[in-house]
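Next come the chains, spelled out residue by residue.
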Amino acid sequence: MSAPGHARVAVVVGNPKPASRTLDAATYVATELGGRAPDLVVDLATLGAGLLDWADPTVDDLVSQVSRADLVVVASPTYKATYSGLLKLFLDRFTPARGTGLHGTAVPLMLGAGPAHALAPELTLRPLLAEIGAPVSLRGLYVLDSAHDDPAAYADWLASARPVARALLAASSESSTTGVPA
């Protein structure tokens, strides 16, 4: 749970390779939007078979923590014009009707080899995030794999997204301080 006055920022990465470029990109975006390092980073590649076990306590705890975050960067490499199956396994555990929906603002982020799939975050990941309860107030971001470590690849998107994200996080902090939902 976030401390009073402290909006919680999380990162969820569905790349099957641990410590991937996708993880680097998502952490960078979360840091830029939140103004500090994320509070929680979930690299799904490190969870192994636990993602297939619906009773796995580690995965259940991560779902609970992510569901309480105020801002969640949800990232995946682009596979066959969509997000990874690994990410889908994790996101399938979020069920708004059972109180485990994704409540914080979600940011869809995808990396890919070329510009042909630049709409994938908006067309594939955004609807999934909305389906599990997340407000998706920022447009999705697509970054070329080859530019994942170049701040210029994010600059234009961040220029428009950062003020919106900071305002949403400030509202979340205010509501956690006053106890009044934002």
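Keep in mind the model is a prediction, meaning the values are calculated, not measured. (Residues numbered from 1 in each chain as written. Predicted model: local features only at pLDDT ≥ 70, side-chain atom pairs only at ≥ 80, totals over all residues. Heavy atoms only, no water.)

Engineer: Would you explain the pairing of strand S5 (residues 141-144) in this entry?
Structural biologist: Look at any regular strand and the pattern is simple: side chains alternate between the two faces of the sheet. For strand S4 (residues 105-112) and S5, the ladder comprises 4 bridges, and the chain directions are parallel. Along S5, the bridge assignment pairs Gly 112 with Leu 144. After leaving S4, the chain enters helix H4 (residues 120-131) and then returns to the sheet as S5, a path that is right-handed. (Pairing = 2+ DSSP bridges. Helix = DSSP H or I, 4+ residues; strand = E, 2+ residues; numbered from the N terminus. Right-handed = clockwise from strand over helix to strand, strands pointing away.)

Engineer: How should the sheet that holds strand S3 (residues 71-77) be read in this particular structure?
Structural biologist: Adjacent strands of a sheet pair through backbone hydrogen bonds, lying either parallel or antiparallel. Taken together, the 5 strands give an open sheet; going across it, the order is S2-S1-S3-S4-S5, and neighbouring strands pair in parallel fashion. Each edge of the sheet is formed by a strand with only one pairing partner; in this case those strands are strand S2 (40-43) and S5. Adjacent strand axes in the sheet meet at a mean angle of 15°, parallel and antiparallel pairs treated alike. Seen against the sheet, H4 touches S3, S4 and S5 and runs at an angle of roughly 145° to S4. (Axes fitted to C-alpha atoms, helices over the stretch in contact; angles between N-to-C directions. Contact = heavy atoms within 4.5 Å.)

Engineer: What is the right way to look at the environment of Arg 139 in this model?
Structural biologist: One can find Arg 139 in the loop between H4 and S5. Residue Arg 139 is classed as partly exposed on the basis of its relative accessible area, which comes to 49%. Dropping the residues within four chain positions of it, Arg 139 is found in contact with Glu 122, Arg 126, Trp 157 and Ser 160. (Buried < 20%, exposed > 50% of the residue type's maximum accessible area, 1.4 Å probe, protein only.)

Engineer: Would you mind showing me how to read the pairing of S2 here?
Structural biologist: As judged from the 4 bridges shared by strand S1 (residues 9-13) and S2, these two strands associate in the parallel manner. Directly across from Val 12, in S2, lies its bridge partner Val 42. In terms of handedness, the path from S1 via helix H1 (residues 21-34) over to S2 forms a crossover that is right-handed.

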